[in-house]
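Given next are the chains, with one letter for each unit.
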Amino acid sequence: MYRRAGAFALLIGGVVFAQDIHLKTRTLQGGSATGPTGDTTGDTDTATVHKIVQFDHAAGADDLDSFSRDGITVVAALPDNAVVVAAPGGQLPPRPGVRWIGGLQPSDKLSPLLGLAFQQPEDTAAVIVEFHADVTAGQQETVGGAEQVALLRPAVLRSNHALVQATAAQLAALALHDEVAYLFPADPALLTDAEAIACAGIASNAGIIGQYANIVHGWSLDADNAAHLGYFFSSVTPKVPALTVQSEVVRAFSEWAKHTNLIFQPVAIASSPRTVTVKFVSGAHGDPWPFDGPGGTLAHTFYPVPINTETIAGDMHLDADENWHAGGDIDIYSVALHEAGHAIGLGHSDKPGDVMYPYYRSHSALSANDIGAAQTLYGLPDSGASAAPVTKPANPTGSGATPPAPVALRMVLDPGPASTTLSGISVTGTLSGGTAPYSVQWQTDHGSSGKALVQTSSQAATSFTASGITLVNGANAITVTAFDAAQKSTSEVATVVLQAPSGAGPALPVGIKATNPAASVFPVNGAFLTVSGTATGVAGISRVTWQTAAGASGVAAGTDHWQASQIPLLTGTNTIVLKAWDTKGNSAWTALVATRR
Ligand code: ZN
Ligand code: CA
Ligand code: ZN
């Protein structure tokens, strides 16, 4: 089932592959320096180290085979053209076609949604620890023990997931372990409710894709700015009448199509391109992921091109051995609604309650966050470039006969402030190249989304303003996607930190920032640390306090400009939470991790 077509296309067609690796926390520019690769856990020379290896082509069977010959385990796929591997001793012998080798930084492992849960250093939150796929239960326990957090294992959890109730400092410390891949909010229902069922993850030719990946590849748009997809039922479960199975799955497709510019139509041939072929199959069924009988894995779905090649791209496989029902457990519609999200190119959400959260619940509709994610890829329903509020009339024919653009569509986002105390902001930028008219959509990773105002003042300059962007406390990734009239799109991400406590009522702006050292994770030689930085608060800062995970605490000198001295460090990892208080008792915090050699 591994396909070599991607590499082949590179040779014969000169296909340019995107270079960026999109994580939820940041976009890695493959090929450029990114600093140390996260080996800060004091691994011995024989310990396994997880690395990201990016190829200059889609990793094919030859690439995957060459890893196994070297004793290296591929633990996940990571678009674009990258895999995550477990390398014994961190040794990665050279191999052809490798563009870049790097690693997940500790900060890449903390979901942007986690900051919302903490106001006080002692506050805890229920969090799922995703371990890399090769990490055994025993190794997971060792990591939990090292940070003194109990790993809870409700039966519904995937074997590489554990549930912890932890402080921000404990999460920062867990993120330093090489075995840990990602930390994201736990759905409280996982603790009490056996109804949730794990999604096995999303298949690509090179493997399952991790929760830390930010999937940005949807199907390309057709000439009318919609993505037209086919569907075909190649086999259905005999447990439910065939027409009911089909209507439930089609109802799931329709729920997505209702909110975004997707059009699903039945096709007559399973191998048609741009088609979701739906199969109920048992056990081994011709791809590298055999089903496991009743329970366990319910389904898996293959991402669109270019992550997968035709004709497996978009296909939805459901385990025929499950006790399928329409409207009861196991509910075909709920599972198909989630899997259809994968078929159109959506990854797993970190937000409990979303259909795209990695544990299936019984769902009747999409969440705002699910809808926003789909609209980032496909725009609003029945809207295309022609619906954008441009100052001159759009091409009235809409015939799709627009000549090809001589220059690629390009977007420049204006670098606004990296942090703000305003909960509603605007982002501006400019567009060039491509084929006018343009439309621009935006979406945050916290469910706020909308359409930007596009203004063409002259042939050379098109600017846009995305306003009314609602931020939540902590980091907000704002994905701005521009579409042109020739089905091309381009996206940029701006990250803005809202510095405010998450209390009720209007945002209360307090901010704190360490400036020396400025890094959130850094090595230290001595037994004591001094940190300085700034704090801001509309009501005036009254004090800045610090606390270490080991229990030491104190008050920093100064307020707007503060210095915390004589912070005692243990050998190894030390997490320090710094907190600024305003005169009205509002606060904000930031955490640092110092590794004492
Ligand atoms: Zn899933
Ligand atoms: Ca199963
Ligand atoms: Zn399959």
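Residues numbered from 1 in each chain as written. Chains lettered and ligands numbered in written order. Predicted model: local features only at pLDDT ≥ 70, side-chain atom pairs only at ≥ 80, totals over all residues. Heavy atoms only, no water.

K.L.:
Outline the coordination of the zinc ion (ligand 3), listing residues and values.
P.N.:
Here the zinc ion (ligand 3) is held by His 285 (NE2), Asp 287 (OD), His 300 (NE2) and His 317 (ND1), and the distances to it run 1.9 to 2.0 Å. Here the zinc ion (ligand 3) is ringed by four donor atoms whose angles at the metal span 99 to 118°, and the overall shape comes out tetrahedral. Counting along the primary sequence, the residues that act as donors to the zinc ion (ligand 3) give the motif H-x1-D-x12-H-x16-H. Here the residue His 285 occupies a position in the loop between β15 (275-281) and β16 (299-301), and His 300 occupies one in strand β16, the gap between them amounting to 15 residues. Assessed through its relative accessible area of 4%, His 300 is described here as buried. (Donors = N, O, S within 2.8 Å, 3.2 Å for Na, K, Ca; no water. Tetrahedral: all angles 85-135°; square planar, octahedral: opposite > 155°, others 65-115°. Helix = DSSP H or I, 4+ residues; strand = E, 2+ residues; numbered from the N terminus. Buried < 20%, exposed > 50% of the residue type's maximum accessible area, 1.4 Å probe, protein only.)

K.L.:
With reference to specific residues and values, describe the side chain of Lys 109.
P.N.:
Turning to its location among the elements, Lys 109 is positioned in the loop between β6 (98-102) and β7 (124-131). Put simply, Lys 109 is tucked away with no salt bridge, and the nearest opposite charge, on Asp 178, sits 5.5 Å away. If sequence neighbours within four positions are ignored, Lys 109 has contacts with Leu 104, Ala 175, His 177, Asp 178, Val 180, Ala 181, Tyr 182 and Leu 183. (Lys, Arg positive; Asp, Glu negative; His and termini not counted. Salt bridge = Lys/Arg side-chain N within 4 Å of Asp/Glu carboxyl O. Contact = heavy atoms within 4.5 Å.)

K.L.:
Account for the coordination of the calcium ion (ligand 2), with residues named and values stated.
P.N.:
For a metal bound by four donors in a tetrahedral arrangement, the ideal donor-metal-donor angle is 109.5 degrees, while six donors in an octahedral arrangement ideally sit at 90 or 180 degrees. On the protein side, the calcium ion (ligand 2) has Asp 292 (OD), Gly 293 (O), Gly 295 (O), Thr 297 (O), Asp 319 (OD) and Glu 322 (OE) as donor atoms, found 2.2 to 2.4 Å from it. Counting the intervening residues between successive donors of the calcium ion (ligand 2) yields the motif D-G-x1-G-x1-T-x21-D-x2-E. Taking relative accessible area as the criterion, Gly 293 reaches 12% and is therefore assigned buried.

K.L.:
How would you explain the pattern of salt bridges if you had to name every residue and give the values?
P.N.:
Side-chain pairs of opposite charge can arise where the charged atoms are in close proximity. Summed over the entire model, instances satisfying the criterion amount to nine salt bridges. The shortest N-O distance in the salt bridge between Asp 187 and Arg 361 comes to 3.1 Å. Here the residue Asp 187 occupies a position in the loop between β9 (180-185) and α5 (189-192), and Arg 361 occupies one in the loop between β18 (359-360) and α8 (368-378), the gap between them amounting to 174 residues. Given the relative accessible area of 8%, Asp 187 is considered buried. A salt bridge links Arg 251 to Glu 248; the nearest nitrogen and oxygen atoms lie 3.1 Å apart. Of this pair, Arg 251 and Glu 248 both sit in helix α6 (residues 242-259), separated by three residues, roughly a single helical turn.

K.L.:
Which residues make up helix α2 (residues 61-69), and what are the values?
P.N.:
Among the residues making up α2, those that are buried are Ala 61, Asp 63, Leu 64, Ser 66 and Phe 67. Against the buried residues of α2 lie β3 (48-55), β4 (73-78) and β5 (82-88). Looking one or two residues beyond α2, the residue adopting positive phi is Gly 71, at roughly 75°.

K.L.:
Would you mind going over the sheet that holds β15 in detail, with residue names and values included?
P.N.:
The five strands are arranged β14-β13-β15-β17-β16 in an open sheet whose pairing can be described as mixed. At either end of the open sheet lies a strand with only one pairing partner, and these are β14 (262-266) and β16. Geometrically, the sheet is characterised by an average inter-axis angle of 20° between neighbouring strands, direction not taken into account. In the sheet, strand β13 (residues 227-235) pairs with β14 via five bridges, with the strands oriented parallel. (Pairing = 2+ DSSP bridges. Axes fitted to C-alpha atoms, helices over the stretch in contact; angles between N-to-C directions.)

K.L.:
Before we move on, could you go through the sheet that holds β9 and cite the residues and values that matter?
P.N.:
If you walk across this open sheet you meet the three strands as β8-β7-β9, and the pairing is antiparallel. The open sheet has two free edges, formed respectively by β8 (161-167) and β9, since each of these has just one partner strand. Each strand axis lies, on average, 35° off the axis of its neighbour in the sheet, ignoring direction. Sheet topology places β7 next to β9; five bridges connect them, and they run antiparallel. When the bridges of β9 are listed, Val 129 appears paired with Leu 183.

K.L.:
Pulling in residues and values, what's your account of the environment of Ala 86?
P.N.:
As for its position among the elements, Ala 86 is in strand β5. Residue Ala 86 is classed as buried on the basis of its relative accessible area, which comes to 4%. Sequence separation of Ala 86 and Gly 71 is 15 residues, and the distance between their C-alpha atoms is 9.0 Å. What Ala 86 contacts, discounting residues up to four positions off in sequence, is Thr 48, Val 49, His 50, Gly 71, Ile 72, Thr 73, Val 75 and Asp 134.

K.L.:
Can you explain the packing of α6 against helix α7 (residues 332-343)? Please cite residues and give values.
P.N.:
Contact geometry of α6 with α7 gives a least axis separation of 8 Å together with a crossing angle of 45°. Compared by their axis directions, α6 and α7 come out oblique. Considering how the two elements wind past one another, α6 and α7 form a crossing that is right-handed. Listed contacts from α7 to Val 245, Glu 248, Val 249, Arg 251, Ala 252, Phe 253, Glu 255 and Trp 256 of α6 are Ile 332, Tyr 333, Ala 336, Leu 337, Ala 340 and Gly 341. When its residues are assigned to classes, the contact of α6 with α7 shows ten nonpolar, one polar and three charged. (Parallel < 35°, antiparallel > 145°, perpendicular 65-115°, else oblique. Left-handed = near helix turned anticlockwise from the far one by under 90°. Nonpolar A, V, L, I, M, F, W, Y, C, P; charged D, E, K, R; others polar.)

Everything listed here is a matter of geometry and, on its own, says nothing about what the molecule does.
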